[in-house]
Amino acid sequence: MTNSYRVRFWPGMSIRDSLAATGVVRFSFNGQIASVSGIPIGGPIQFVLRLNGRVIPQTLLTFPVQRFDTVAIELFFSVTGRADEEDKLQQELTDIAHLNVAEHFATYDPEEV
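Residues numbered from 1 in each chain as written. Predicted model: local features only at pLDDT ≥ 70, side-chain atom pairs only at ≥ 80, totals over all residues. Heavy atoms only, no water.

So, on to the overall build of the protein chain. When helices and strands are counted, the protein chain shows 1 helix and 9 strands. Counted from the first residue to the last, the protein chain has its helices and strands arranged as β-α-β-β-β-β-β-β-β-β. Long-range contacts, defined as pairs at least 24 residues apart, comprise 63% of the intrachain contacts of the protein chain with a sequence gap of at least 6. Surface summary for the protein chain: the accessible area is close to 6,600 Å², and the carbon and sulfur share equals 54%. (Helix = DSSP H or I, 4+ residues; strand = E, 2+ residues; numbered from the N terminus. Contact = heavy atoms within 4.5 Å. Areas by Shrake-Rupley, 256 points an atom, 1.4 Å probe, with all protein chains shown as cover.)

Right, here's the structure in full:
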């Protein structure tokens, strides 16, 4: 399953702000990504965070985005519970939150699901 969201851009918006604006990405008390669409992150469920197609570490969640940047979260199931290169058995649990940072509010078409 893949969903796309558009959120309103504002100067100073961070990657975390843009993800939170979708309403589907939840953060833990320490600011890390805790779940996406109710799917908890951890154990066998891992994720890759991308900014304009490039993989970035979760430590850059406070990095500012620019108007029309694209942020994506790709969830995958890891047999060992680790996100290492040998274990790329990525059964894509892709509620990939492709996010287009634009001047629009979030859009959602339930018929696309």
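Mapped onto the elements of the fold, Gly 43 is located in the loop between β4 (39-40) and β5 (45-51). Residue Gly 43 is classed as partly exposed on the basis of its relative accessible area of 41%. Each C-alpha atom, one on Gly 43 and one on Ser 78, is 8.1 Å from the other, the two residues being 35 residues apart in sequence. (Buried < 20%, exposed > 50% of the residue type's maximum accessible area, 1.4 Å probe, protein only.)

Attention now moves to the packing of aromatic side chains. For the structure shown, the criterion picks out 0 aromatic pairs. In this arrangement the basic side chain of Arg 16 is found over the ring face of Phe 27, its NZ or CZ atom lying 5.6 Å from the centre. (Phe/Tyr/Trp six-rings, centres within 6.5 Å; stacked < 30°, edge-to-face > 60°. Lys NZ or Arg CZ within 6 Å of the ring centre and 35° of its normal.)

With that out of the way, let us pick up unusual backbone geometry. Not every positive phi belongs to a glycine, and Asn 52 is a case in point at roughly 50°. When you line up the elements, Asn 52 lands in the loop between β5 and β6 (54-56). In this model, Phe 68 sits at a positive phi of 75°, which is unusual for a non-glycine residue. Here Phe 68 is to be found in the loop between β6 and β7 (70-77).

Function cannot be inferred from these measures alone, as they are strictly geometric.
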